[in-house]
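Reading the structure
What follows is each chain in one-letter form.
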Amino acid sequence: MAPGARGPAALLLLLLLLGVAAATQPPLEAFQAGHSAPFSSLPAAASVAPHRRYLLYDVNPPEGFNLRRDVYIRIASLIKTLSKSEAWVLVLPPWGRLYHWQSPDIHQVRIPWFEFFDVPSLNKNIPVIEYEQFLAESGGPFIEQIYVLQNYAEGWKEGTWEEKIDERPCIEQPTYSMDKQKYYRGWFWGYEETRGLKLACLSVQGSASIIAPLLLNTSSRSVMLDRAENLLHDHYSGKDYWDTRRSMVFAKHLRVVGDLFRAKYLNSTDEKDRTQYNEDWTKMKVKLGTALGGPYLGVHLRRRDFVWGHRNDVPSLRGTVKKIASLMDLQKLERVFVATDAIADEIEELKDLLPGMVRFEPSWEEVELYKDGGIAIIDQWICAHARYFIGTSVSTFSFRIHEEREILGFDPKTTYNRFCGDEEKTCEQPTHWKIVY
């Protein structure tokens, strides 16, 4: 059983990477509301701050890490539409307080995006800034307008699909309260000092850009869209979708951890696996079928709530092991890397039944450093480099691995596969959404 990739060399490399990342970040005090430091202490973009407007968003609290990544793609399309008329920048919503992030005694709120993603890569697609930079640029913790997005109370009537948006009374009580100063208080990603000036509910039915005319006509310089998951994709799986998805490059320090683990425990390197990675996503265009992958089977096995929530298409552990053993024999592989949220007893059973099983098992210090979101990314990165991958039905965790492998250039036959339930009669495999450049 492989522990997490550790050792003096790995630790030194990570410290060097983290040091570089820290050196490129503005000093923390420059991001405090009311700080009077000159513009030189802020990123160069701050000098154009008076000429642009800010879009913020949040998602229904129960939604997980990988669905939230999908919502980002939808909002990016909206920013592109807005930017055709005015200068808008997307304020990246800090991560935290997610249902699946349950590691005890780990502080996991107010997490900036650079902990998980390469922000300069995001900026090659649309203009983005971290929330604390927004505080510095906008002059304080105020959001001028909050729109809570909701469905139509009367629902959708069968017939011709119609995209529409209307300001309506709130269907559910908003999760905001007005304080004595008439400001709206709420979760705001763990920033208790943040306040909203105005709040309204919008019923929406349509793609993200349907809200653009309303935003362009409002006088508010900063606007927040809460419950942004109610907006649909402008063009799912088109060039715009894939440009944004490709720009969501994982933070380099997390990729390095995954690469070190692959090399040490799975005999996997980019050179041998034909998975060379270009740090500039705009220059990475790989023909499907080019990538070979490491000599191991990649598995994402979703358990816990999926066991009772998706009983028909989630196999038993015995059924899972039987499928894994069959694939390893078919693909002539001796190792299987398993990313799973299974409980401890189930993991032990899997170990007993799968002698070639390998997992990334971080220490407490590593979890504290990378957070649960970072550990999930490391798991996805390792799965994305496998010779063959099989995931869990309707899991966004598996979907994101599909996309990563599509970007790396794997044959779709080695990517779009899922486990079938023990009694599932028709086991439809995932759809291949071909990358578009």
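Residues numbered from 1 in each chain as written. Predicted model: local features only at pLDDT ≥ 70, side-chain atom pairs only at ≥ 80, totals over all residues. Heavy atoms only, no water.

**Here's the deal with the pattern of salt bridges**
- According to the stated counting rule, one finds 26 salt bridges in the structure shown.
- D280 is paired through a salt bridge with K124; the nearest N and O atoms lie 3.2 Å apart. Taken together, the residues D280 in the loop between α8 (270-273) and β10 (294-301) and K124 in the loop between α3 (119-123) and β3 (128-130) connect sequence positions 156 residues apart.
- In this structure D280 comes out as buried when scored by relative accessible area, which is 15%.
- Here the salt bridges share partners, and the residues they tie into one network are D70, R74, R245, R400, E403 and E404. (Salt bridge = Lys/Arg side-chain N within 4 Å of Asp/Glu carboxyl O. Helix = DSSP H or I, 4+ residues; strand = E, 2+ residues; numbered from the N terminus. Buried < 20%, exposed > 50% of the residue type's maximum accessible area, 1.4 Å probe, protein only.)

**Digging into the nonpolar core**
- Counting 80 residues, the largest nonpolar core has L55, Y57, Y72, W113, L215, L225 and F337 as the members making the most contacts within it.
- Not counting residues within four places of it along the chain, the set of residues in contact with L55 comprises I75, L78, I79, L82, W88, V89, L90, V91, L215, V223 and L225.
- With 19 residues, the next largest nonpolar core counts L297, M328, Y388 and F419 among its residues. (Core = buried A, V, L, I, M, F, W, Y, C linked by side-chain atoms within 4.5 Å. Contact = heavy atoms within 4.5 Å.)

**With respect to the sheet that holds strand β12 (residues 357-358)**
- Here we have four strands laid out as an open sheet, ordered β12-β11-β10-β13, and parallel in their pairing. Bordering the open sheet on either side are β12 and β13 (386-390), each of which pairs with just one other strand.
- The pairing of strand β11 (residues 336-340) with β12 spans two bridges and is classified as parallel. Bridged to V336 within β12 is M357. (Pairing = 2+ DSSP bridges.)

**Quick look at a nonpolar patch on the surface**
- A cluster of nonpolar side chains, contributed by W156, W161 and L232, occupies part of the molecular surface with about 340 Å² of accessible area.
- By the secondary structure assignment, W156 is in the loop between β4 (142-150) and β5 (164-167).
- Overall, W156 belongs to the partly exposed group, its relative accessible area being 47%. (Patch = residues over 30% accessible without salt bridge, like charges linked within 9 Å, V, L, I, M, F, W, Y side chains within 5 Å. Areas by Shrake-Rupley, 256 points an atom, 1.4 Å probe, with all protein chains shown as cover.)

**Here we look at the pairing of strand β9 (residues 222-226)**
- Of all five residues making up β9, five are buried, and the element is well covered by its neighbours.
- A two-sided burial pattern is seen for β9, the buried positions comprising S222, M224 and D226 on one face and V223 and L225 on the other.
- Bridge count for strand β1 (residues 53-57) against β9 is four bridges, and the pairing is parallel. When the bridges of β9 are listed, L56 appears paired with M224.

**Regarding the state of the cysteines**
- Throughout the structure, instances matching the rule amount to two disulfides.
- Each sulfur of the disulfide joining C170 and C201 lies 1.9 Å from the other. One disulfide, between C170 and C201, carries an S-S torsion of 95° and so falls in the right-handed class. On the criterion of sequence distance, the pair formed by C170 in the loop between β5 and β6 (177-178) and C201 in strand β8 (residues 195-205) is long-range, its members being 31 residues apart.
- We classify C201 as buried; its relative accessible area is 3%.
- Residue C420 pairs covalently with C427 via a disulfide, S to S 1.8 Å. Between C420 and C427, the S-S torsion sits near -85°, and that sign places the bridge as left-handed. (Disulfide = S-S within 2.5 Å.)

**Here we look at the packing of helix α12 (residues 364-384) against helix α13 (residues 396-408)**
- Here α12 crosses α13 at 50°, and the two axes come no closer than 9 Å. Compared by their axis directions, α12 and α13 come out oblique. When you trace α12 past α13, the crossing you get is right-handed. Seen from α12, the contacting residues are A376, D379, Q380, W381, C383 and A384; seen from α13, they are F397, R400, I401, E404, R405 and L408. (Axes fitted to C-alpha atoms, helices over the stretch in contact; angles between N-to-C directions. Parallel < 35°, antiparallel > 145°, perpendicular 65-115°, else oblique. Left-handed = near helix turned anticlockwise from the far one by under 90°.)

**Focus on helix α6 (residues 239-247)**
- In terms of burial, α6 is a largely internal element, seven of the nine residues being buried.
- Looking at the packing, one finds that the buried side of α6 touches α2 (65-83), α3 and α13.

**Focus: the environment of T426**
- Structurally, the position occupied by T426 is in the segment after α13.
- Given a relative accessible area of 65%, T426 falls into the exposed group.

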